[in-house]
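Breakdown of the fold
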Amino acid sequence: MDTVFILNGPNLNLLGTREPDIYGHETLTDLEARCHEAGERLGLAVDFRQTNHEGVLVDWLHEAREAKARAVILNAAAYTHTSIALLDAIKAIGVPVIEVHLSDPRQREEFRHLSYVGMGAVQTIQGRGGDGYIEALEHAATL
Ligand code: DQA
(Lines give C-alpha, C1' and ligand atoms only; values in the text may rest on other atoms or scores of the structure.)
Protein backbone atom coordinates (compact mmCIF):
# COMPACT_ATOMS: atom_id res chain seq x y z
CA MET A 1 0.00 0.00 0.00
CA ASP A 2 1.37 3.43 -0.92
CA THR A 3 1.91 6.02 1.78
CA VAL A 4 0.93 9.68 1.77
CA PHE A 5 2.77 11.93 4.20
CA ILE A 6 0.60 14.66 5.73
CA LEU A 7 2.92 17.27 7.21
CA ASN A 8 1.75 20.13 9.40
CA GLY A 9 3.80 23.14 10.39
CA PRO A 10 3.95 25.58 13.29
CA ASN A 11 1.04 26.29 15.63
CA LEU A 12 -1.21 23.69 14.02
CA ASN A 13 -0.84 21.61 17.21
CA LEU A 14 -3.07 24.29 18.78
CA LEU A 15 -5.98 23.73 16.37
CA GLY A 16 -9.33 23.70 18.12
CA THR A 17 -8.40 26.54 20.47
CA ARG A 18 -6.24 28.66 18.15
CA GLU A 19 -8.24 31.54 16.59
CA PRO A 20 -11.32 29.31 16.12
CA ASP A 21 -13.10 32.03 14.15
CA ILE A 22 -10.42 31.52 11.47
CA TYR A 23 -9.41 27.87 11.87
CA GLY A 24 -12.55 26.28 13.34
CA HIS A 25 -13.02 24.04 16.37
CA GLU A 26 -11.65 20.78 14.98
CA THR A 27 -8.45 19.69 16.76
CA LEU A 28 -5.43 18.29 14.95
CA THR A 29 -6.18 14.90 16.55
CA ASP A 30 -9.73 15.00 15.12
CA LEU A 31 -8.34 15.92 11.71
CA GLU A 32 -5.75 13.14 11.88
CA ALA A 33 -8.51 10.60 12.61
CA ARG A 34 -10.51 11.84 9.61
CA CYS A 35 -7.43 11.54 7.38
CA HIS A 36 -6.81 7.94 8.53
CA GLU A 37 -10.45 7.07 7.75
CA ALA A 38 -10.16 8.63 4.30
CA GLY A 39 -6.87 6.83 3.73
CA GLU A 40 -8.52 3.47 4.49
CA ARG A 41 -11.33 4.26 2.07
CA LEU A 42 -8.85 5.24 -0.64
CA GLY A 43 -6.38 2.39 -0.04
CA LEU A 44 -3.59 4.71 1.14
CA ALA A 45 -1.51 4.55 4.30
CA VAL A 46 -1.42 7.94 6.00
CA ASP A 47 1.63 9.16 7.92
CA PHE A 48 0.38 12.28 9.74
CA ARG A 49 2.85 14.58 11.55
CA GLN A 50 3.18 18.06 13.03
CA THR A 51 6.22 20.14 13.99
CA ASN A 52 6.90 23.71 14.96
CA HIS A 53 10.37 23.62 13.34
CA GLU A 54 11.22 24.51 9.74
CA GLY A 55 14.23 22.18 9.42
CA VAL A 56 12.17 19.24 10.64
CA LEU A 57 9.73 19.85 7.77
CA VAL A 58 12.71 19.83 5.37
CA ASP A 59 13.93 16.53 6.88
CA TRP A 60 10.45 14.99 6.58
CA LEU A 61 10.22 16.02 2.91
CA HIS A 62 13.52 14.24 2.31
CA GLU A 63 12.16 11.21 4.18
CA ALA A 64 9.11 11.16 1.88
CA ARG A 65 11.51 10.75 -1.03
CA GLU A 66 13.42 7.92 0.64
CA ALA A 67 10.11 6.22 1.52
CA LYS A 68 8.94 6.62 -2.11
CA ALA A 69 5.74 8.21 -0.81
CA ARG A 70 2.88 8.56 -3.31
CA ALA A 71 2.51 12.24 -2.35
CA VAL A 72 3.01 14.75 0.41
CA ILE A 73 0.14 16.90 1.67
CA LEU A 74 1.77 19.94 3.23
CA ASN A 75 0.29 22.64 5.43
CA ALA A 76 3.49 24.54 6.18
CA ALA A 77 1.48 27.18 8.09
CA ALA A 78 3.46 30.43 8.42
CA TYR A 79 6.56 28.89 6.76
CA THR A 80 4.47 28.81 3.57
CA HIS A 81 5.06 32.53 3.24
CA THR A 82 8.75 32.67 4.21
CA SER A 83 10.58 29.45 3.45
CA ILE A 84 12.75 29.16 0.36
CA ALA A 85 14.24 26.08 2.08
CA LEU A 86 10.86 24.34 1.85
CA LEU A 87 10.46 25.32 -1.81
CA ASP A 88 13.93 23.95 -2.58
CA ALA A 89 13.12 20.71 -0.73
CA ILE A 90 9.83 20.32 -2.63
CA LYS A 91 11.70 20.77 -5.92
CA ALA A 92 14.42 18.35 -4.84
CA ILE A 93 12.44 15.31 -3.76
CA GLY A 94 10.58 14.27 -6.90
CA VAL A 95 7.44 13.49 -4.87
CA PRO A 96 4.28 15.47 -5.72
CA VAL A 97 3.38 17.94 -2.99
CA ILE A 98 -0.18 19.16 -2.48
CA GLU A 99 -0.39 22.43 -0.55
CA VAL A 100 -3.29 22.79 1.89
CA HIS A 101 -4.50 25.58 4.14
CA LEU A 102 -7.49 25.54 6.43
CA SER A 103 -8.16 29.23 5.86
CA ASP A 104 -7.83 31.05 2.55
CA PRO A 105 -4.62 33.09 2.82
CA ARG A 106 -5.57 35.06 -0.31
CA GLN A 107 -8.47 36.57 1.62
CA ARG A 108 -6.27 37.55 4.58
CA GLU A 109 -3.35 39.93 5.25
CA GLU A 110 -1.18 40.77 2.27
CA PHE A 111 1.87 39.05 3.79
CA ARG A 112 0.00 35.74 3.43
CA HIS A 113 -0.57 36.17 -0.31
CA LEU A 114 2.90 34.95 -1.27
CA SER A 115 3.36 31.17 -1.06
CA TYR A 116 6.79 29.67 -1.64
CA VAL A 117 5.24 26.22 -1.10
CA GLY A 118 2.73 26.95 -3.87
CA MET A 119 5.57 27.62 -6.31
CA GLY A 120 6.54 23.95 -6.07
CA ALA A 121 3.21 22.28 -5.33
CA VAL A 122 1.18 20.36 -7.92
CA GLN A 123 -2.06 21.66 -6.41
CA THR A 124 -3.23 24.09 -3.74
CA ILE A 125 -6.42 23.64 -1.71
CA GLN A 126 -7.29 26.50 0.63
CA GLY A 127 -10.22 27.86 2.56
CA ARG A 128 -11.98 24.50 2.90
CA GLY A 129 -11.13 23.83 6.57
CA GLY A 130 -10.31 20.22 7.42
CA ASP A 131 -12.25 19.02 4.37
CA GLY A 132 -9.39 20.37 2.28
CA TYR A 133 -7.13 17.65 3.68
CA ILE A 134 -9.61 14.99 2.58
CA GLU A 135 -9.82 16.53 -0.90
CA ALA A 136 -6.03 16.53 -1.03
CA LEU A 137 -5.99 12.80 -0.13
CA GLU A 138 -8.55 12.12 -2.86
CA HIS A 139 -6.30 13.93 -5.31
CA ALA A 140 -3.25 12.03 -4.03
CA ALA A 141 -5.08 8.76 -4.78
CA THR A 142 -5.20 9.74 -8.47
CA LEU A 143 -1.46 10.46 -8.75
C1 DQA B 1 -2.54 28.37 7.49
C2 DQA B 1 -2.49 29.78 6.89
C3 DQA B 1 -1.18 30.46 7.22
O4 DQA B 1 -1.16 31.78 6.69
C5 DQA B 1 -1.00 30.58 8.73
O6 DQA B 1 0.27 31.11 9.03
C7 DQA B 1 -1.22 29.28 9.43
C8 DQA B 1 -2.27 28.38 8.98
C9 DQA B 1 -3.91 27.70 7.28
O10 DQA B 1 -3.99 26.48 7.39
O11 DQA B 1 -4.91 28.39 7.03
O12 DQA B 1 -0.60 29.01 10.46
O13 DQA B 1 -1.56 27.58 6.83
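Presented here is an overview of the structure given in this document. As the structure is a computational prediction, the values presented were derived from the model and not from experiment.

Focus on the packing of helix H2 (residues 28-42) against helix H6 (residues 131-140)
Two numbers describe how H2 lies on H6: the axes approach to 10 Å, and their chain directions differ by 25°. Classified by the angle between their axes, H2 and H6 sit roughly parallel to one another. At the point where H2 passes H6, the crossing takes the right-handed sense. Between H2 and H6, the contacting residues are Leu-31, Arg-34, Cys-35, Ala-38, Gly-39, Arg-41 and Leu-42 on the first element and Asp-131, Tyr-133, Ile-134, Leu-137 and Glu-138 on the second.

Quick word on the layout of surface pockets
Empty space within the largest pocket amounts to approximately 180 Å³. Taken together, 16 residues line the largest pocket, and the ones lying closest to its centre are Tyr-23, Ala-77, Ala-78, Arg-108 and Arg-112.

Some words on the environment of Glu-135
Considering the arrangement of structural elements, one finds Glu-135 in helix H6. What makes Glu-135 partly exposed here is its relative accessible area of 26%. Apart from residues lying up to four places away in sequence, Glu-135 is in contact with Ile-125 and Arg-128.

Looking at the nonpolar core
Counting 24 residues, the largest nonpolar core has Val-4, Ile-6, Cys-35, Phe-48, Ile-73, Tyr-133 and Leu-137 as the members making the most contacts within it. Here this core takes five residues from H6, the largest share from any one element. Formed by 19 residues, the second largest nonpolar core is a distinct cluster that contains Tyr-79, Ala-89, Val-95 and Val-117.

Remarks on the site of the ligand
The full set of residues close to the ligand is Arg-18, Tyr-23, Asn-75, Ala-77, Ala-78, His-81, His-101, Leu-102, Ser-103 and Arg-112. The side chain of Arg-112 places a nitrogen or oxygen atom 2.9 Å from an oxygen atom of the ligand. Isolated, the ligand exposes 320 Å² of accessible area, and the fraction of that covered by the protein chains is 99%. Most atoms of the ligand, that is more than half of them, are within 2 Å of grid points of the largest pocket. Partitioning the shell around the ligand into residue classes produces four nonpolar, four polar and two charged.

With respect to the sheet that holds strand S3 (residues 71-75)
If you trace the five strands from one edge of the open sheet to the other, you get S2-S1-S3-S4-S5, paired in parallel fashion. Each of the sheet's edge strands pairs with one partner strand only, and the pair in question is strand S2 (45-50) and strand S5 (123-126). When strand polarity is set aside, the average angle formed by the axes of neighbouring strands in this sheet is 20°. Where strand S1 (residues 3-8) meets S2, six bridges bridge the pair, whose relative direction is parallel.

Notes on the packing of aromatic side chains
Applying the stated criterion across every chain, the model contains zero aromatic pairs. The ring of Trp-60 has Arg-49 lying over it, and the distance from NZ or CZ to the ring centre is 5.2 Å.

Procedures and definitions
- Residues numbered from 1 in each chain as written.
- Predicted model: local features only at pLDDT ≥ 70, side-chain atom pairs only at ≥ 80, totals over all residues.
- Heavy atoms only, no water.
- Axes fitted to C-alpha atoms, helices over the stretch in contact; angles between N-to-C directions.
- Helix = DSSP H or I, 4+ residues; strand = E, 2+ residues; numbered from the N terminus.
- Parallel < 35°, antiparallel > 145°, perpendicular 65-115°, else oblique.
- Left-handed = near helix turned anticlockwise from the far one by under 90°.
- Contact = heavy atoms within 4.5 Å.
- 1 Å grid on protein atoms, 1.4 Å probe; cavity = no way out; pocket = protein on both sides within 12 Å on 5 of 7 lines; lining within 4 Å.
- Points joined across faces, edges and corners; volume = space filled by probe spheres on them.
- Buried < 20%, exposed > 50% of the residue type's maximum accessible area, 1.4 Å probe, protein only.
- Core = buried A, V, L, I, M, F, W, Y, C linked by side-chain atoms within 4.5 Å.
- Near = heavy atom within 4 Å.
- Polar contact = N/O pair within 3.5 Å; in protein donor to acceptor, adjacent residues only side chain to side chain.
- Areas by Shrake-Rupley, 256 points an atom, 1.4 Å probe, with all protein chains shown as cover.
- Sits in = over half its atoms within 2 Å of the grid points.
- Nonpolar A, V, L, I, M, F, W, Y, C, P; charged D, E, K, R; others polar.
- Pairing = 2+ DSSP bridges.
- Phe/Tyr/Trp six-rings, centres within 6.5 Å; stacked < 30°, edge-to-face > 60°.
- Lys NZ or Arg CZ within 6 Å of the ring centre and 35° of its normal.

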